[in-house]
Amino acid sequence: MKNISGGFVNSKWTISLFLLFFLLMGPWCYAEDSQASDLPSSLSTPDEVLAISQWSDGWYQGASGYDQAIEEYKRTNKPMVVYLSVGWCPYCRKFEKEVLASPLVQDMMRGMIKVNIDPESGSRANAIAFQYGIRGFPSFFLHPPQPAGAVQLYAAATPEKFVKFFKQVLQ
């Protein structure tokens, strides 16, 4: 084959460039839109749709919310959950829609201390994520009632399996 200046393109170079393009564009190509029009077709009632839009009601938000949650955790005997997610993560949106918005999970977490943190929102939020040693998103941790440490829960589970594991950690 001739080199690029000769009019022909080296096939290895072309393939490498092609693969690099798809590796770099992959996350944006698969990102989900959070609009209601993209809700799963299994949702049929207005209550189910509302649950998705309100899964985070009653949650502390961000690094300052984490500080408030830790303070409450220290003075009460309530379990605390920490959810680490980023805006561009389609797996986070799926976890929120299918697990966190589930009435089963909502009922189980009622009365618990809950905090949601985006590690990309600032250096303090990033430091909190580093403290938990996260390796990917979504990451969900449960702090059982004091003085136990945090346990990471598997976020790619069905609501039923998520609740089952959650209850096992609390025992």
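This structure is a prediction, so every number in the text was calculated from the model and none was measured.

Moving on: the overall build of the protein. A tally of regular secondary structure across the protein gives seven helices and five strands. Here the analysis covers contacts within the protein between residues at least 6 apart in sequence; of these, 69% occur between residues at least 24 apart. Surface exposure of the protein reaches about 10,900 Å², of which carbon and sulfur atoms provide 58%.

With that out of the way, let us pick up the layout of surface pockets. Counted as a void, the largest pocket has a volume near 260 Å³. Forming the walls of the largest pocket are 14 residues, and the residues nearest its centre are Y91, P138, A155, A156 and A157. Sorting the residues of the lining of the largest pocket by element identifies α4 (90–100) and β5 (151–153) as the ones contributing at least two each. For the lining of the largest pocket, the element with the highest residue contribution is α4, accounting for five residues. Classifying every residue of the lining of the largest pocket gives 10 nonpolar, two polar and two charged.

Across the protein, the average pLDDT comes to 78, with 67% of residues at 70 or higher. When pLDDT is averaged over each helix and strand of the protein, the minimum, 45, is found for helix α1 (residues 11–30) and the maximum, 97, for strand β3 (residues 113–117). Note on residues 17–44: pLDDT under 50 across the span, and 18 contacts to partners over four residues away in sequence or across chains.

Quick look at the nonpolar core now. Of all hydrophobic cores here, the largest spans 24 residues; its most connected members are L100, M109, F140, F162 and F166. For this core, the secondary structure elements donating two or more residues are β2 (80–84), α4, α5 (103–109), β4 (139–143) and α7 (159–170). Ignoring sequence-local partners within four residues, the contact set of L100 consists of W55, W59, Y83, F95, V105, Q106, M109 and F140. Counting residues in each nonpolar core, the second largest holds 16 residues, with I113, I117, A129 and Y132 among its members.

For the pair helix α3 (residues 62–75) and helix α6 (residues 123–132), the least separation of the axes is 8 Å and the interaxial angle reads 55 degrees. In terms of orientation, α3 lies oblique with respect to α6. Between α3, through A63, Y66 and D67, and α6, the contact on the second element is made entirely by R124, A125, I128, Q131 and Y132. Partitioning the contact of α3 with α6 into residue classes produces five nonpolar, one polar and two charged.

Calculation notes
- Residues numbered from 1 in each chain as written.
- Predicted model: local features only at pLDDT ≥ 70, side-chain atom pairs only at ≥ 80, totals over all residues.
- Heavy atoms only, no water.
- Helix = DSSP H or I, 4+ residues; strand = E, 2+ residues; numbered from the N terminus.
- Contact = heavy atoms within 4.5 Å.
- Areas by Shrake-Rupley, 256 points an atom, 1.4 Å probe, with all protein chains shown as cover.
- 1 Å grid on protein atoms, 1.4 Å probe; cavity = no way out; pocket = protein on both sides within 12 Å on 5 of 7 lines; lining within 4 Å.
- Points joined across faces, edges and corners; volume = space filled by probe spheres on them.
- Nonpolar A, V, L, I, M, F, W, Y, C, P; charged D, E, K, R; others polar.
- pLDDT = per-residue confidence, 0-100.
- Core = buried A, V, L, I, M, F, W, Y, C linked by side-chain atoms within 4.5 Å.
- Buried < 20%, exposed > 50% of the residue type's maximum accessible area, 1.4 Å probe, protein only.
- Axes fitted to C-alpha atoms, helices over the stretch in contact; angles between N-to-C directions.
- Parallel < 35°, antiparallel > 145°, perpendicular 65-115°, else oblique.

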